[in-house]
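Secondary and tertiary structure notes
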Protein chains: 2
Amino acid sequence: MPTLEDVAAAAQRIKGRVHRTPIMTSTSVTKSTHHDVVVFKCENLQRTGSFKIRGATNAIMKQLENQPHTKDFVTHSSGNHGQAIALAAKLSNCNAHIVVPENAPKVKIDGIRGYDGQVVFCRPTLEDRIRTCETVLSAIESSFFIHPFDNDDVIAGQGTVGLELMEQTDNSLDAVVVPVGGGGLASGVAIAVKGMNPRTLVFAAEPEMADDTFRSFQLGKRVATHRPGLPNSIADGLLTLNSDRTFGILRSNLDGVLRVSETEIQKAMHIVLERCKIVIEPSAAVGVAAVLACPEALARCKRVGIILCGGNVDVAKISQLAKL
Amino acid sequence: MPTLEDVAAAAQRIKGRVHRTPIMTSTSVTKSTHHDVVVFKCENLQRTGSFKIRGATNAIMKQLENQPHTKDFVTHSSGNHGQAIALAAKLSNCNAHIVVPENAPKVKIDGIRGYDGQVVFCRPTLEDRIRTCETVLSAIESSFFIHPFDNDDVIAGQGTVGLELMEQTDNSLDAVVVPVGGGGLASGVAIAVKGMNPRTLVFAAEPEMADDTFRSFQLGKRVATHRPGLPNSIADGLLTLNSDRTFGILRSNLDGVLRVSETEIQKAMHIVLERCKIVIEPSAAVGVAAVLACPEALARCKRVGIILCGGNVDVAKISQLAKL
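Just so we're clear, the structure is a prediction, and the values are computed from it rather than from any experiment.

**A look at the interface of chain A and chain B**
Each side of the interface is counted separately: chain A has 21 residues, and chain B has 21 residues. Carbon and sulfur atoms make up 61% of the area that chain A and chain B hide from each other, which totals about 1,600 Å². Together, Lys 277, Val 315 and Ser 319 of chain A form the three largest contributors to the area buried by chain A at its contact with chain B, with a combined 43%. Between the two partners, chain A and chain B, sit 0 salt bridges. For the side of chain A that touches chain B, the secondary structure elements donating two or more residues are helix 11 (262-276) and helix 13 (318-321) of chain A. Sort the elements by how many residues they give to the side of chain A that touches chain B and helix 11 of chain A lands first, with 5 residues.

Right under this line is the structure:
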């Protein structure tokens, strides 16, 4: 399990290649809660539009420290991790090969190619995704696979979001709320926040429509499937299931899992666009929705931080995704 | 005509009541131009969602310095100035009376009332707007009228946007582009920027559909009407004509007026939402559009600043306003 020291080492390693994103407060969002202040950590303003560049950069740079001859990095992603590996590889003068389902939106594919990443199409099944990665890895000598979240260096890199947030708020937050999908961000942030201040509560937030983390906490062991017919949330970055690795970290570090409805996610997107004037993706709205909709969980918290994990959303769909 | 000293005095006066808004750069916007860097001054992140709070606060505080017994401020506005006067008056423990056309969007009326401003409806004609203001002013003893832009203290207050931008960029910009409607912001910014660095070019940007400033510059005297059938731009904050006061300042200080089409405004909104992850209103997109669409005017400029004047846009319409 990565430690606060691993997160701090990641922060040193990736410094200069990723933004130290700003924090932001909003009088009107704070007024909609019973807290004294609500602080946003703006990873939507991060390079590539999400926190994913942190873990990607840390994992690639660490691999190059251990194996300086590595020139090719491989991953599978239909979302933000693909762009992140593409840019992180480019910044290390390496090649990126991103396995992408053939039905992925053009905007994602353009994003990867915009950072000079090679797009390798696969059929839209988990099996073909893995098989295609293996084919690429065996075809390119000393190429290296970086999983989107089931990787300690990726987790330590994502944890730098939490480290920075605690630094930027003088370790004073009573609670931090972080969206959870596969759990790379949530587990890294939990390690960093608890390491910086063990009294700060850490809650993961997830859609009711993709609530495997919540159910895993209830059961006391990892639930390896979604409910029948699900997931079907607009928070498309949070549809992935935890791995054993991330669930293990979350179980040891989280104070709870908050669930929000699709309507609550849409309302949260609306309030952030309208009042804070920043663009967030639905996955980031999940954290905001949890703070607005779950006051009892945060009843005694005066100062609350929310990780806005990304801002990659199709402009043509923003109004629809943020309808009241 | 206000001077740099008036702008500096305004900056001191309003300090603590308005945000010192951040500047922001975007690799992808800069790459779409031939400049070394494009810097955004983010007044969309200002209190009330636009720069208008600066001029409103300066004018109200200055009036209270001169006439401490003033308790009531009056203005007419169907847009950002109304909310700004409402908040600025509230922060000085005074009352605001905002004359608003009866067909104004509910969101604007809610905004004014959200800052405890009194909304006074009038018919949607210029004559009734002025008559209603006069009625309110004569009904309330020692009440004071603050025009949205035809007022030296308002202009000096808006100029603090330019002063801050120059401070935040170490006076190093080769050009500043500022949207122009009535001209309060543009004239204040021109005074501040030229005062800080006479070598920095200042361009106003306006929609082709509301190009009175451009035509006034061509003619060498103020054009007091729009073209027949116009204005009809999505940049609803820029439909107002210059006054003699603002045109006089602009004529002495501007290096040119850049015009952009409705399509260019929409594309600029799209790129800022998609790449910079911040919400701007169409009026703010006009400045971005001018930099993207008028490269010849800025041919020798390496470092270019753009004033993003506001972010008050109906979330339900964002996707439509920013369509490609």
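**Things to note about the pairing of strand 4 (residues 95-101) of chain A**
Residue and element names in this part refer to chain A. Counted residue by residue, strand 4 has 6 buried out of 7 residues, so it is predominantly covered. Here strand 3 (residues 72-76) runs beside strand 4; their pairing, made up of 5 bridges, is parallel. Following the sheet pairing, Asp 72 is matched in strand 4 by Asn 95. Where the polypeptide runs from strand 3 across helix 4 (residues 80-91) and back to strand 4, its parallel neighbour, the crossover connection is right-handed. With 5 bridges connecting them, strand 4 and strand 5 (residues 118-122) associate as parallel partners. Of the residues in strand 5, the one forming a bridge with Val 100 is Phe 121. Crossover handedness for the path strand 4 to helix 5 (residues 106-114) to strand 5: right-handed.

**Some words on the side chain of Ser 26 of chain A**
Considering the arrangement of structural elements, one finds Ser 26 of chain A in the loop between strand 1 (23-25) and helix 2 (27-31). Setting aside anything within four residues of it in sequence, one finds Ser 26 of chain A in contact with Val 38, Phe 40 and Cys 276 of chain A.

Criteria and cut-off values
Residues numbered from 1 in each chain as written. Chains lettered and ligands numbered in written order. Predicted model: local features only at pLDDT ≥ 70, side-chain atom pairs only at ≥ 80, totals over all residues. Heavy atoms only, no water. Contact = heavy atoms within 4.5 Å. Buried area = accessible area lost by both parts, 1.4 Å probe. Salt bridge = Lys/Arg side-chain N within 4 Å of Asp/Glu carboxyl O. Helix = DSSP H or I, 4+ residues; strand = E, 2+ residues; numbered from the N terminus. Buried < 20%, exposed > 50% of the residue type's maximum accessible area, 1.4 Å probe, protein only. Pairing = 2+ DSSP bridges. Right-handed = clockwise from strand over helix to strand, strands pointing away.

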